Amino acid sequence: MRRISITTLSLAGLLLSGCSMVPPGAGGTQSCQAPPEQESDPNVIMDTARPSLSEVLDPDSLQLEQDGTQLAAMHGNQILVWDEADGGSPSYSLAEATHPLGAGPMAATPDFSQFALRDADDAVKVVSAERASQTIELEHWHENEDIEQLEISPDGERLAVRGSSGLVAIYAMENHDLEMTLPACTDSAGEISFSPDSSQLFAASRNDATMVWDLQAQETVLELQSDDVYYTHGAWSHDGSRLAVSATSFGHGPEDHWNLTLVDTAEWEMIRTYPQLSPTATAFFPDDEELLVANGATSIQRWQIADIPVELSTGVVNEQANISPDGSTAYVADRETLIGFDFASTETRVTYDIPGFDCDEIARPQIFEECS
């Protein structure tokens, strides 16, 4: 396993060390400190503006079917699915949208036959497109652990559940058995992402080492550590030969800065770090020679690797990078808008409708400005 220490602009060195994966039932979660208990009353409104029922989509949950024919996202506590080519209204939904603020993490199998979503702090619900559902009770879970992220492997066989202490539990999708627990501890859990062949898992961390786990060999193959930045996202190239890792220094010094590091996954060595490029999500184009950079603004960047990024105005604030399988369209979403942005014309190609909520059909309507 390689441990790479990276400064903002350079590679400081390589240090070889070992880190073992903890098997099921071996108490691996005990290596991650339990999160403190959070006490809150959901009916209490503080001195802030009341939430609006128009802000109903969770843009971080946006998923694209493997063949590019459908899109899905959380709408409150239900899942909406749109036909990509048609736009307009969702083609179907799963669950009832009774909690507009109830959106949590969501993951989908590549063919959209199953969806995983948070059911409780210690449970995940797996729902089929035919609306059959099963609940996974999370084993060896800390008392105050919350589910931060869900990810289903590209082969559809594994579900990764990341908790608020940073631990990652891997479950089999076929029978929902716990396969392994990864003690990837951090006080602020970052993004996790499977490699294209489903054999490895990237796990970002705010303060501790960011890791890549080899799930077959049951050991880490890479650790990234820096005193200047913390790592937030990891995007795999389609052929699995490169990993693009985003980092930011927000809150870690007098000057905020960020960078993107390309890592060679064959030798697990850094190719190059590009300063001032994307503290948010990225995605490789189909040819693996370009990256789509979501920069958290009303534009996206199309970056030919080693060239100067081209900024494209979309009019929609976005922090997610989703590309159609043919590389022609970027899907851009905020809480009120979801569009397909055409790279050739640099204009919106298709718009997807987001349904509203009825005050008579939702829980705690009194907290929303439209219902008061």
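Only a predicted model underlies this, so the values are computations on that prediction, with no experimental measurement involved.

**Focus: the overall build of the protein chain**
Turning to step 1, where the next piece is worked out: The secondary structure content of the protein chain amounts to zero helices and 29 strands.
Turning to step 2, where the next piece is worked out: Expressed as a percentage of its 372 residues, the buried residues of the protein chain come to 52%.
Turning to step 3, where the next piece is worked out: Total accessible area on the protein chain stands at roughly 16500 Å², and carbon and sulfur atoms take up 43% of it.

**Brief notes about the sheet that holds strand 10 (residues 133-137)**
Turning to step 1, where the next piece is worked out: Strand order in this open sheet of four strands is 7-8-9-10, and the pairing throughout is antiparallel. Each having just a single partner strand, strand 7 (106-108) and strand 10 make up the two edges of the open sheet. On average, each strand axis in the sheet is inclined to that of its neighbour by 25 degrees, with strand direction left out of account.
Turning to step 2, where the next piece is worked out: Two strands pair when backbone bridges link them, and strand 8 (residues 114-120) and strand 9 (residues 123-128) are joined in this way by six bridges, in the antiparallel orientation. The residue bridging Leu117 from the neighbouring strand is Lys125, located in strand 9.

**Quick notes on the packing of aromatic side chains**
Turning to step 1, where the next piece is worked out: Summed over all chains, the structure comprises six aromatic pairs.
Turning to step 2, where the next piece is worked out: Pairing Trp236 with Trp268 gives two aromatic rings, centres 6.5 Å apart and planes at 90 degrees, and the pair type is edge-to-face. Taken together, the residues span a long stretch of sequence, with Trp236 in strand 19 (residues 230-236) and Trp268 in the loop between strand 21 (258-264) and strand 22 (269-275) at a distance of 32 residues.
Turning to step 3, where the next piece is worked out: For Trp268, a relative accessible area of 8% corresponds to the buried category.
Turning to step 4, where the next piece is worked out: Three or more aromatic residues link up through ring pairs in this structure, and these residues are Phe285, Phe341 and Phe343.

**Things to note about the pattern of salt bridges**
Turning to step 1, where the next piece is worked out: Under the criterion given, the structure shown has six salt bridges.
Turning to step 2, where the next piece is worked out: Glu179 is the salt-bridge partner of Arg158, the closest N and O atoms lying 2.6 Å from each other. Pair noted here: Arg158 is in strand 12 (residues 158-163) and Glu179 is in strand 14 (residues 178-182), with a separation of 21 residues, a long-range link.
Turning to step 3, where the next piece is worked out: Between Arg242 and Glu289 there is a salt bridge; the shortest N-O distance is 3.5 Å.

**Observations regarding the pairing of strand 29 (residues 347-352)**
Turning to step 1, where the next piece is worked out: Both strand 28 (residues 338-342) and strand 29 contribute to a ladder of five bridges, which runs antiparallel. Looking across to strand 29, one finds that Leu338 is bridged to Tyr352.

**Considerations on the side chain of Glu84**
Turning to step 1, where the next piece is worked out: Here Glu84 lies in the loop between strand 5 (78-83) and strand 6 (92-94).
Turning to step 2, where the next piece is worked out: Overall, the relative accessible area of 9% leaves Glu84 in the buried class.
Turning to step 3, where the next piece is worked out: A distance of 2.7 Å separates a polar atom in the side chain of Glu84 from a polar atom in the side chain of Tyr331.
Turning to step 4, where the next piece is worked out: Look past the residues within four positions of Glu84 in its chain and what remains in contact with it is Gly68, Thr69, Gln70, Tyr331, Arg349, Val350 and Tyr352.

**Focus on the sheet that holds strand 20 (residues 242-248)**
Turning to step 1, where the next piece is worked out: Read across the sheet, four strands follow the order 19-20-21-22 without closing on themselves; strand pairing throughout is antiparallel. With partners counted over all chains shown, the strands left at the sheet margins are strand 19 and strand 22, one partner each. When strand polarity is set aside, the average angle formed by the axes of neighbouring strands in this sheet is 25 degrees.
Turning to step 2, where the next piece is worked out: Here seven bridges tie strand 20 to strand 21, and the two strands are oriented antiparallel to one another.

**Remarks on the confidence of the model for the protein chain**
Turning to step 1, where the next piece is worked out: When pLDDT is averaged across the protein chain, the result is 84; 85% of the residues are at 70 or more.
Turning to step 2, where the next piece is worked out: Segment residues 6-30: pLDDT under 50, and 65 contacts once partners within four positions in sequence are set aside and those in other chains are kept.

**Observations concerning the side chain of Asn322**
Turning to step 1, where the next piece is worked out: Positionally, Asn322 belongs in the loop between strand 26 (310-313) and strand 27 (329-333).
Turning to step 2, where the next piece is worked out: Setting aside chain neighbours within four positions, we find Asn322 in contact with Leu62, Leu292, Thr329, Ala330 and Tyr331.

**Focus on the environment of Asp83**
Turning to step 1, where the next piece is worked out: Position of Asp83 relative to the elements: it lies in strand 5.
Turning to step 2, where the next piece is worked out: Classification of Asp83 as partly exposed rests on a relative accessible area of 29%.
Turning to step 3, where the next piece is worked out: Residues Asp83 and Leu71, twelve residues apart in the sequence, show an inter-C-alpha distance of 6.6 Å.
Turning to step 4, where the next piece is worked out: With near-sequence residues (within four places) excluded, Asp83 lies in contact with Thr69, Gln70, Ser91 and Tyr352.

**Some words on unusual backbone geometry**
Turning to step 1, where the next piece is worked out: Here the phi dihedral of Ala95 falls at roughly 80 degrees; this positive angle occurs in a residue that is not glycine.
Turning to step 2, where the next piece is worked out: Along the chain, Ala95 turns up in the loop between strand 6 and strand 7.
Turning to step 3, where the next piece is worked out: Even without glycine at this site, Arg364 takes up a positive phi of about 50 degrees.

**Some details on the environment of Pro325**
Turning to step 1, where the next piece is worked out: Of note, Pro325 is situated in the loop between strand 26 and strand 27.
Turning to step 2, where the next piece is worked out: In this structure Pro325 comes out as partly exposed when scored by relative accessible area, which is 42%.
Turning to step 3, where the next piece is worked out: Sequence-wise, Pro325 and Pro286 are 39 residues apart; in three dimensions their C-alpha atoms are separated by 6.6 Å.
Turning to step 4, where the next piece is worked out: Beyond its immediate stretch of four places on either side in the chain, Pro325 contacts Leu64, Gln66, Asp67, Gly68 and Pro286.

**Observations regarding the pairing of strand 17 (residues 210-214)**
Turning to step 1, where the next piece is worked out: The buried fraction of strand 17 amounts to five of the five residues, a majority that puts the element mostly inside the structure.
Turning to step 2, where the next piece is worked out: Alternating positions in strand 17 separate into two faces, Thr210, Val212 and Asp214 on one and Met211 and Trp213 on the other, with burial throughout.
Turning to step 3, where the next piece is worked out: Bridge count for strand 16 (residues 200-205) against strand 17 is four bridges, and the pairing is antiparallel. The partner of Ala203 across the bridge, within strand 17, is Met211.
Turning to step 4, where the next piece is worked out: The sheet contact formed by strand 17 and strand 18 (residues 219-225) spans five bridges and is antiparallel. For Trp213, the partnering residue across the bridge sits in strand 18 and is Thr220.
Turning to step 5, where the next piece is worked out: Linking two consecutive strands that pair antiparallel, namely strand 17 and strand 18, is a turn of four residues; a positive phi of about 60 degrees is found at Gln218 within it.

Procedures and definitions
- Residues numbered from 1 in each chain as written.
- Predicted model: local features only at pLDDT ≥ 70, side-chain atom pairs only at ≥ 80, totals over all residues.
- Heavy atoms only, no water.
- Helix = DSSP H or I, 4+ residues; strand = E, 2+ residues; numbered from the N terminus.
- Buried < 20%, exposed > 50% of the residue type's maximum accessible area, 1.4 Å probe, protein only.
- Areas by Shrake-Rupley, 256 points an atom, 1.4 Å probe, with all protein chains shown as cover.
- Pairing = 2+ DSSP bridges.
- Axes fitted to C-alpha atoms, helices over the stretch in contact; angles between N-to-C directions.
- Phe/Tyr/Trp six-rings, centres within 6.5 Å; stacked < 30°, edge-to-face > 60°.
- Salt bridge = Lys/Arg side-chain N within 4 Å of Asp/Glu carboxyl O.
- Polar contact = N/O pair within 3.5 Å; in protein donor to acceptor, adjacent residues only side chain to side chain.
- Contact = heavy atoms within 4.5 Å.
- pLDDT = per-residue confidence, 0-100.

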